[in-house]
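Results of the structural survey
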Amino acid sequence: AGRPALLTTHAPFPLAAAAELHVSERTLRRRLAAEDTTYKALVDEVRATIADQLLHTAHLTVAEVAARLGYHDAAGFTRAYRRWTGATPAADRRAA
């Protein structure tokens, strides 16, 4: 499966990920806690990695990147990107 599989739908949920891994949602949460992480942290890690790749290699608008990552609008994606990196997508793209 792997981390990119966390984004196979526009609404990644722990229950779907647990089912794909053939474990219960509680077992998934317990195993993630043992690794000192959460499902949300993994989804954010994957989204941040993909966002960085799309912003720096694809000729997509911020809104298009947001849509590909499952965000309803560019504003929500921009807030998340700033939380991950400390910069807005546009500022990060200009700095590259």
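By convention here, each chain's residues receive numbers from 1 onward along its written sequence. Given that the model is predicted, a residue must reach a pLDDT of at least 70 before its local features are reported, and side-chain atom pairs must reach 80 or more before they are shown or counted; all residues, however, enter totals for whole chains, interfaces and linings. Processing note: side-chain calculations cover all non-hydrogen atoms of the structure and skip hydrogens and water entirely.

1. Looking at the overall build of the chain
Numbering goes from the N terminus for both helices and strands, where a helix is a DSSP run of H or I of at least four residues and a strand is a run of E of at least two. Of the regular secondary structure elements, the chain holds six helices and zero strands. In the chain, the succession of helices and strands from N to C terminus is α-α-α-α-α-α. Once local pairs closer than 6 in sequence are excluded, the contacts in the chain between residues at least 24 apart make up 46%. Just so you have it, the chain exposes about 6,200 Å², and 56% of that area is on carbon and sulfur atoms. Pairs of residues are marked as contacts when any of their non-hydrogen atoms sit within 4.5 Å. Shrake-Rupley sampling with a 1.4 Å probe provides the accessible areas, and residues are treated as covered by the protein chains on show and by no other component.

2. A word on helix α3 (residues 39-57)
In this analysis, the expected span of each helix is defined as 1.5 Å times one less than the number of residues it contains. End to end, α3 covers 27 Å across 19 residues, agreeing with the expected 27 Å (1.5 Å per residue, within 8%). Among all positions in α3, only Y39, L42, V43, D44, V46, R47, A51, L54 and L55 are buried. Where α3 is buried, its residues meet α1 (14-20), α2 (25-34), α4 (62-68), α5 (74-85) and α6 (89-95). Buried residues are those whose accessible area, probed at 1.4 Å on protein chains only, stays under 20% of the maximum for their type, while exposed residues exceed 50% and partly exposed ones sit between those limits.

3. Here's the deal with the side chain of T78
Tracing the chain through its elements places T78 in helix α5. T78 gets classed as buried once you look at its relative accessible area, which sits at 19%. Residue contacts for T78: discarding those within four places in its chain leaves V62, T88 and P89.

4. Quick notes on the pattern of salt bridges
Here, a salt bridge means any Lys or Arg side-chain nitrogen found within 4 Å of an Asp or Glu carboxyl oxygen. All chains considered together, the criterion is met by three salt bridges. Residues E25 and R29 are paired through a salt bridge, measuring 2.7 Å at the closest nitrogen-oxygen approach. Highlighted residues: E25 and R29, both in helix α2, separated by four residues, approximately one helical turn.

5. A closer look at the nonpolar core
To qualify as a nonpolar core, a set must consist of buried Ala, Val, Leu, Ile, Met, Phe, Trp, Tyr and Cys residues joined through side-chain atoms within 4.5 Å. Core analysis: the biggest nonpolar cluster contains twelve residues, these being A51, L54, L55, L60, V65, A66, L69, Y71, F77, A80, Y81 and W84. Those elements that provide at least two residues to this core are α3, α4 and α5. At four residues, the largest contribution of residues to this core is made by α5. What Y71 contacts, discounting residues up to four positions off in sequence, is R47, A66, G76, F77, A80 and W84. Grouped together as the second largest cluster of nonpolar side chains are eight residues, A17, A18, V23 and L28 included.

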